[in-house]
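# Working through the structure, step by step
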Amino acid sequence: MPELPQSLKQALSLVQKPGRYTGGEPGCICKDAAAVDVRMAFCFPDTYEIGMSFLGMKILYELLNAHENWWCERCFLPWVDMKAEMERLGIPLYALESKDPLTAFDIVGFSLEYELCYTNVLAMLRLAGIPLRAAERDGRWPLIIAGGPCVCNAEPMADFFDAMQLGEGEEMLQSICAAVEAAKKHGWSRERLLRELAAIPGVYVPAFYDVEYEADGRFKAIRPNRPGVPPKVTRAIVRDLDSIPPPRDFVVPMVGAVQDRACVEVLRGCVRGCRFCQAGQIYRPFRERSPAVISESARALCQNTGYDELSLSSLSTSDHSRLEEILDAVNAWAPGEHVSLSLPSLRVDNFSRSLVEKTTRVRKSGLTFAPEAGTQRLRDVINKNVTWEQLERTCRIAFSQGYTAVKLYFMMGLPTETLEDIKGIADTCQKVVDLYYSLDHAKGRGVQVTASVACFVPKPWTPFQFCAQDRREALREKQRYLLSCVRSRKVKVNYHDSATSVLEGVFAKGDRRLGRVIEAAFEAGACYDTWEEFFDYDRWLAAFAACGLDPDFYNYRPLGVEEPAPWDHLDAGVSRRYLAREYQKALRAEPSPPCNRQCSGCGADKLLGRPCF
Amino acid sequence: MTTVRIFFEKQGEAAYVSLLDLQRVFHRALKRSGLPVWYTEGFNPHIYLAFCSPLPLGQESVCESCDVKTAAEPPYGAAWAAALQPCMPGGITVTGAAAAVHKAGEVAAARYAITLPAAAAPALAAYNAAGSVPAEKKTKRGARVVELKAAVPALSWQGRGDTLRLETTLPCASDGENLNPALLLGALQTLAGEAGAAFAPWQCRILRTALLLPDGTPFC
Ligand code: SF4
């Protein structure tokens, strides 16, 4: 085993949890760097603990490393103490498997999972000694690419990447690696490589498009600036999930990851069509894996990793049409192999006693549900098809099974919201408390209902992309009012400060000019923005001012139904017409049925090339 | 039920694997191996395992061990080691497994090979010359001063290029006297500072080479 370099040993001796920076975890893949043709550093722009909980990385890690002549390694943002030591000691950011600096790689790929990680991306590039802007890099630098849900509005980060992937990476990223392999073999220029990449379904090469703005600053158009570049980039999807089985092995973190268990993705997409939810729109259409594939992969995964807890993940696992079959298949082997099953995101509307019984380890202490809004009217507006009766029935089952804590997720700042709806949040919680005491319950055991209230952020590719975000003052007012409505100590309200949501809203709907703001804020010290203790709103405001841009322009202004948007050259699947239609229905508080009951004609079926159901 | 002692090395990057993390690593490796180890009874059964005199974070060892229970007959040896190795992180090498001869509580001392930068020589000489070398030992019940010279009256070392290597035996009883080699290293650093030849902990390597019984024979 190679000895760690002295400088790295020095840094490790000075930081908390050094095991985050050493690699070597069970399941990690080491190859001979000299013997492979393509080296990719898969970068997650957040801490090890968060990144190692991310399933997407595990999927792509296994797929890429299955190619004998490619080597995919992992890299995370070091925590503050380690980052400072690396800067002080001149240790460039390295990938965990080989400990080689990122500059030694052919491809450096970032996963953009949320808007507030944008400065973390710049911090990682800087720590690696790589110029931030694509325009400053020639073919001697690694190809810097991105993927993940944030690419559905790629513009705010477009200046920093050579290529961005819209959609699912399984096939797309393999095509990119193949193109890089060919480029190295044939000595292609960076321009030539980028042209090849632009031809891969789902790949967006920002430098090949020019943006125009109106005199008043509104976005006008984005067009290719070279022949042969597609005017619209269409999201790539895996049509048949069974054709790409889930990972059979994970790199098993030793320093506790947030999600530290075996995990199999059972379906992709969501049939619900909640109007606030970007994931529910941009992962369409709904596709399922078959029970046999799921059970067999899960078993292999548990055997290979030694995990004793298995979770079946997706946006909405209980919507799998053959869920009971999956549970039966898994339960046929799991107990004998000391594996227990947990189901995340159970839905209020199809939570059944039999499901509870089939999940062998549901932590009896806590249960979570997401009604999202406090009144039926507002739930109809956002198309969250959950009724009080369903919630009551679910809580009844849960309480009878011994649960004593319920966590309810809500949002605040939703379109058409009034104080009545805010009061509804407190009332809903109180009704759950009252229900508990109306039933037989163990003597002396009280109930705890926690309302976790997030600030709603309008996102592109949702029917609410047309809405303006609620102002901070209004949200604060609503938070105060909510607290005044809570009368019982059994009800606890958690909410977050809205400053980060403001920034999230600006980036979500922002245009390419924001790249300058992100860079200016980063140069002024912005990083770790998801961590409240490091988030400095004033620093961001100063960066906007320095760039002559007004953040309010992006998130506090409604988007016209016909108005051009900075993501118009991308096609995530759902059509603008459908989104506008859903928006109008929302304003009338009219719900829409889930896809498996009735198609709403969103347009995502074209990605599949056949009807969804 | 037999107690099987699994011996392993913990070196290089594995030095940064904490005891808590190591427990999880072994739990998973044992589970994955399918070896017939004993699970605790109860609502949430888990594999019984216990580490003998586990190493502090950052130190390395060629003589760590983990006890499990089994109803299976011996031999365990190479077959068990081979079954466990694939699930181990880099730096952990399973060297063998055998029915435990001694009880974990019988460990009295540990032997260490410590590598220091050559600049540490004056500090080592100062240690030998000093009448007393006190060190503050932090325990759960508060700090307490121990006399290092009582445990290690003198150090002898050999130069190797730009490093020095010394070997020493320190008390290592699980429920009695116990001296972390980092304490000795800390005292040497203080002496080095006084001698105007400072060195840093990361320039040193602490390798545990053996666990010993009261009579000085190896624990196994
Ligand atoms: S095309 Fe119809 S069924 Fe398919 S995702 Fe869109 S609304 Fe749902």
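What you are looking at is a predicted structure, and each value in this text was computed from that prediction instead of being measured. Counting restarts for each chain: residues are numbered from 1 in the order of the written sequence. Chains and ligands are labelled sequentially in the order written, the chains with letters from A and the ligands with numbers from 1. Local features in a predicted model are, by the rule used here, given only for residues with pLDDT of at least 70; side-chain atom pairs are given and counted only at 80 or more, and totals for whole chains, interfaces and linings are based on all residues. Side-chain metrics in this entry use all non-hydrogen atoms of the structure; hydrogen atoms and water are not considered.

## Here's the deal with the interface of chain A and chain B
Any two residues having at least one pair of non-hydrogen atoms within 4.5 Å are treated as being in contact. Tallying the contact residues gives 32 residues for chain A and 22 residues for chain B. Summed over both sides, the interface of chain A with chain B buries roughly 2,300 Å², with 58% coming from carbon and sulfur. Whenever a carboxyl oxygen of Asp or Glu lies within 4 Å of a side-chain nitrogen of Lys or Arg, that contact is scored as a salt bridge. At the boundary of chain A and chain B, one finds two salt bridges. A salt bridge links Glu13(B) to Lys99(A), with the nearest nitrogen and oxygen atoms 3.8 Å apart. Throughout this description, a polar contact denotes any pair of N or O atoms lying within 3.5 Å of each other; where both atoms belong to protein, one of them has to be capable of donating a hydrogen while the other can accept it, and for residues adjacent in sequence the pair is counted only when both atoms sit in side chains. Our count for the chain A to chain B interface comes out at six residue pairs in polar contact (both at pLDDT 80 or more). Secondary structure elements follow DSSP: runs of H or I of four or more residues count as helices, runs of E of two or more count as strands, with numbering from the N terminus. Mapped onto the side of chain A that touches chain B, the elements with two or more residues apiece are α1 (6-12) and α9 (291-305) of chain A. Accessible surface is computed with a 1.4 Å probe, and the buried area is the amount of it that two parts give up when combined, taken over both parts together.

## Observations regarding unusual backbone geometry
Residue and element names in this part refer to chain A. A cis amide bond, omega -5°, links Arg 284 with the succeeding residue Pro 285. The topology assignment puts Pro 285 in the loop between α8 (278-282) and β12 (287-288). Phi is positive for Tyr 528, close to 50°, though the residue is something other than glycine. Within the element layout of this structure, Tyr 528 appears in the loop between α17 (514-523) and α18 (537-546). At Ala 589, a residue that is not glycine, the phi angle is positive and equals roughly 55°. Residue placement: Ala 589 occurs in the loop between α20 (576-587) and α21 (605-608). Partly exposed describes any residue whose relative accessible area lies between the buried limit of under 20% and the exposed limit of over 50%, with all areas from a 1.4 Å probe on protein chains only and scaled to the type maximum. Classification of Ala 589 by relative accessible area gives partly exposed; the value is 24%.

## Remarks on the packing of helix α13 (residues 388-400) of chain A against helix α14 (residues 419-438) of chain A
Each pair of packed helices can be summarised by the angle the axes make with each other and by the distance between the axes. All names here are of chain A. A fitted line through C-alpha atoms represents every axis, and for helices the fit uses only the stretch in contact; the resulting angles, taken between N-to-C directions, go from 0 to 180 degrees. Contact geometry of α13 with α14 gives a least axis separation of 10 Å together with a crossing angle of 40°. Here α14 runs oblique to α13, going by the angle between their axes. The crossing of α13 and α14 is right-handed. On the side of α13, the interface is formed by Trp 388, Leu 391, Glu 392, Cys 395, Arg 396 and Phe 399, while α14 contributes Thr 428, Lys 431, Val 432, Leu 435 and Tyr 436. Its residues placed into classes, the contact of α13 with α14 shows seven nonpolar, one polar and three charged. Here roughly perpendicular refers to angles of 65 to 115 degrees, roughly parallel to angles under 35, roughly antiparallel to angles over 145, and oblique to all remaining angles. Left-handed describes a crossing whose near helix is turned anticlockwise from the far helix by less than a right angle; the clockwise case is right-handed. All residues other than Ala, Val, Leu, Ile, Met, Phe, Trp, Tyr, Cys, Pro, Asp, Glu, Lys and Arg, Gly among them, are scored as polar; the first ten of these are nonpolar and the last four charged.

## Some points on the site of the ligand
Neighbouring residues are identified by heavy atoms, a residue being near a molecule or strand if any of them is within 4 Å of it. All residues in the neighbourhood of the ligand are listed as Arg284(A), Cys595(A), Cys599(A), Ser600(A), Gly601(A), Cys602(A), Asp605(A) and Cys612(A). Partitioning the shell around the ligand into residue classes produces four nonpolar, two polar and two charged.

## Some words on the pairing of strand β17 (residues 448-455) of chain A
All names here are of chain A. Counting buried residues along β17, six of its eight residues qualify, which places the element largely inside the surrounding structure. Any two strands are treated as partners once DSSP identifies two or more bridges connecting them. Across eight bridges, strand β16 (residues 405-412) lies against β17 in parallel orientation. Residue pairing for β17: Ala 405 is matched across the bridge by Gln 448. Examined bridge by bridge, β17 and strand β18 (residues 491-495) share five bridges and lie parallel to one another. By the bridge assignment for β18, Ser 452 is matched with Asn 494. Classification remark: right-handed applies to a crossover when, strands pointing away from the viewer, the course from the first strand over the helix to the second runs clockwise. Of the crossover connections in this fold, the one passing from β17 over helix α15 (residues 472-485) to the parallel β18 is right-handed.

## Remarks on the environment of Glu372(A)
Within the secondary structure layout, Glu372(A) lies in strand β15 (residues 366-372). With 81 residues separating them in the primary sequence, Glu372(A) and Val453(A) have C-alpha atoms 8.4 Å apart.

## Some words on the packing of α9(A) against helix α10 (residues 323-333) of chain A
Residues and elements named next belong to chain A. At a minimum axis distance of 9 Å, the contact between α9 and α10 shows a crossing angle of 35°. As for how α9 packs across α10, the hand of that crossing is right-handed. Contact residues: α9 offers Pro 291, Ile 294, Ser 295, Ala 298, Arg 299 and Cys 302, while α10 offers Glu 325, Ile 326, Ala 329, Val 330 and Trp 333. Of the residues belonging to the contact of α9 with α10, the class tally is eight nonpolar, one polar and two charged.

## Here's the deal with the sheet that holds strand β6 (residues 203-204) of chain A
All names here are of chain A. Strand order in the open sheet formed by six strands is β2-β1-β3-β4-β5-β6, and the pairing between neighbours is mixed. Looking along the sheet, the strands with just one partner apiece sit at the ends: β2 (70-76) and β6. Sheet strands in contact with helix α3 (residues 55-65) are β1 (38-44) and β2, and its direction is about 155° off that of β2.

## Section: α20(A)
Residues and elements named next belong to chain A. One less than the residue count of a helix, multiplied by 1.5 Å, gives the span that helix is expected to have. With 12 residues, α20 ought to run about 16 Å at 1.5 Å a step, and its terminal C-alpha atoms sit 17 Å apart, in line with that. The complete set of buried residues in α20 reads Tyr 578, Leu 579, Ala 580, Glu 582, Tyr 583, Lys 585 and Ala 586. For α20, the elements touching its buried residues are α8 and α12 (376-381). Phi turns positive, to about 55°, at Ala 589, one or two residues after α20.

## Structural notes on the domain arrangement of chain A
All names here are of chain A. Split into domains, chain A comes out as domain 1 (6-230), domain 2 (237-362 + 577-613) and domain 3 (364-496). For domain 2 and domain 3, the distance between their C-alpha centroids amounts to 24 Å. Facing the 29 residues of domain 2 at the interface are 33 residues of domain 3. Counting each side, the surface lost to burial between domain 2 and domain 3 is near 2,700 Å², with a carbon and sulfur contribution of 64%. Here domain 2 is connected to domain 3 by zero salt bridges. Run the count over domain 2 and domain 3 and you get eight residue pairs in polar contact (both at pLDDT 80 or more). Where each domain begins and ends is defined by an automated method or by a domain database.

## As for the pattern of salt bridges
Residues and elements named next belong to chain A. A full pass over the atoms with the stated rule returns 56 salt bridges over all chains. Note that Glu 97 is salt-bridged to Arg 74, the shortest N-O span being 2.7 Å. Taken together, the residues span a long stretch of sequence, with Glu 97 in the loop between α4 (80-89) and β3 (107-111) and Arg 74 in strand β2 at a distance of 23 residues. Residues Glu 115 and Lys 459 are paired through a salt bridge, measuring 3.4 Å at the closest nitrogen-oxygen approach. Pair noted here: Glu 115 is in the loop between β3 and α5 (118-127) and Lys 459 is in the loop between β17 and α15, with a separation of 344 residues, a long-range link. As far as burial versus exposure is concerned, Glu 115 and Lys 459 are alike and both buried. Bridged by salt links that share partners, the residues Glu 168, Glu 170, Arg 235, Glu 265, Arg 268, Arg 287 and Arg 289 form one connected network.

## What to know about the domain arrangement of chain B
Residues and elements named next belong to chain B. The assigned domain composition of chain B is domain 1 (2-100) and domain 2 (106-212). Here domain 1 and domain 2 have C-alpha centroids that lie 28 Å from each other. Contacts between the two partners involve 12 residues from domain 1 and, on the opposite side, 13 residues from domain 2. Taken over both partners, the interface formed by domain 1 and domain 2 buries close to 930 Å², and the fraction arising from carbon and sulfur atoms is 50%. For the domain 1 face of the interface with domain 2, the top three residues by lost area are Ser 53, Gln 59 and Glu 60, together amounting to 51%. Taken together, the links from domain 1 to domain 2 amount to two salt bridges. For Glu 64, the salt bridge goes to Arg 208, with nearest N and O atoms at 2.9 Å. At the boundary of domain 1 with domain 2, the tally comes to eight residue pairs in polar contact (both at pLDDT 80 or more). Taken together, the residues of the side of domain 1 that touches domain 2 break down into six nonpolar, four polar and two charged.

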